[in-house]
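Descriptive analysis of the structure
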Amino acid sequence: MVRTATISRKTKETELSIDLNLDGTGISRISTGIGFFDHMLEGFSKHGFFDLNCTVKGDLHVDGHHTVEDTGIVLGQAIAQAVGDKKGIRRYGSFILPMDDALALCAVDLCGRPYLNFDCTFPTERVGELDTELVREFFYAVSYSAGMNLHIKMLDGINAHHMIESMFKSFAKALDQAVGTDSRIPDVLSTKGSL
């Protein structure tokens, strides 16, 4: 069973569409208008083995906030739609990812209860055209739209580029684990019987 989703969103601030395949091979086509953000989403796709098409036209003449936040909202919706009823999935995933000086920890629970714990202070305000404060906004939007419990902690790091990239890649690896299936799980992995 291939798990896919196509979500579009149009507001006065942004117009975007996302196609997501959770059972892909890491192929992506990304265009958000923010080069470094494109690079991060490409890394998410590649390292999570998710096929991802993402096109965004945002009000970048204002700043990047609406573009990044709305991308997170729609990606979260796409994850929730693609994972479906969650029967047979592992539900949990975690990964510690090194990237040169940076070491990021990410843990995911696809429990249906949104929560973000984001622990990182960046040494710079921007990487390329991306405001570093928007990294938290992106993950907040993803976690709440997908209904996932998401913890991201920067365990070490001095270079903001490496720190952000290790976050996106560790999130990809943790999510890949969480959406993976296990034949020992006939229904959903919960004593309540539902997620």
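None of these values were measured; they are calculated from a predicted model. (Residues numbered from 1 in each chain as written. Predicted model: local features only at pLDDT ≥ 70, side-chain atom pairs only at ≥ 80, totals over all residues. Heavy atoms only, no water.)

What about the packing of aromatic side chains?
The criterion, for reference: For this analysis, a ring pair means two rings from Phe, Tyr or Trp (six-membered ring only for Trp) whose centres lie within 6.5 Å, classed as stacked if their planes differ by under 30 degrees, edge-to-face if by over 60, and tilted for the remaining angles. For each residue, the accessible area found with a 1.4 Å probe, counting protein chains only, is set against the maximum for its type, and the residue is called buried under 20%, exposed over 50%, and partly exposed in between. Consider the ring centre and the ring normal. A charge sits over the ring if Lys NZ or Arg CZ is within 6 Å of that centre and within 35 degrees of that normal.
Tallied over the full model, the rule gives 10 aromatic pairs. Plain terms: the ring middles of F44 and F50 are 5.1 Å apart, the flat faces sit at 40° to each other, and that makes the pair tilted. A single burial state applies to F44 and to F50, both of which are buried. Linked through ring pairs, F37, F44, F50, F118, F122, F138, F139, F168 and F171 together constitute an aromatic cluster. Directly above the ring of F95 sits K173, whose terminal nitrogen or CZ lies 5.9 Å from the centroid.

Thoughts on the sheet that holds strand β2 (residues 14-21)
Worth spelling out the cut-off: DSSP-based pairing: two strands are paired if at least 2 bridges between them are found. Comment: elements are numbered from the N terminus, with helices defined as DSSP H or I runs of at least four residues and strands as E runs of at least two. Lines are fitted to the C-alpha atoms to define the axes, a helix being fitted only along its stretch in contact, and any angle between axes, read from their N-to-C directions, falls within 0 to 180 degrees.
Read from one edge to the other, the open sheet built from four strands follows the order β1-β2-β4-β3, with strand pairing classed as mixed. Each edge of the open sheet carries a strand with a single partner, namely β1 (4-10) and β3 (28-31). Taken over all neighbouring pairs, the strand axes of this sheet differ in orientation by 5° on average, direction set aside. Note that β2 and strand β4 (residues 51-58) share eight bridges and pair antiparallel. Paired with L16 across the strands is V56, a residue of β4.

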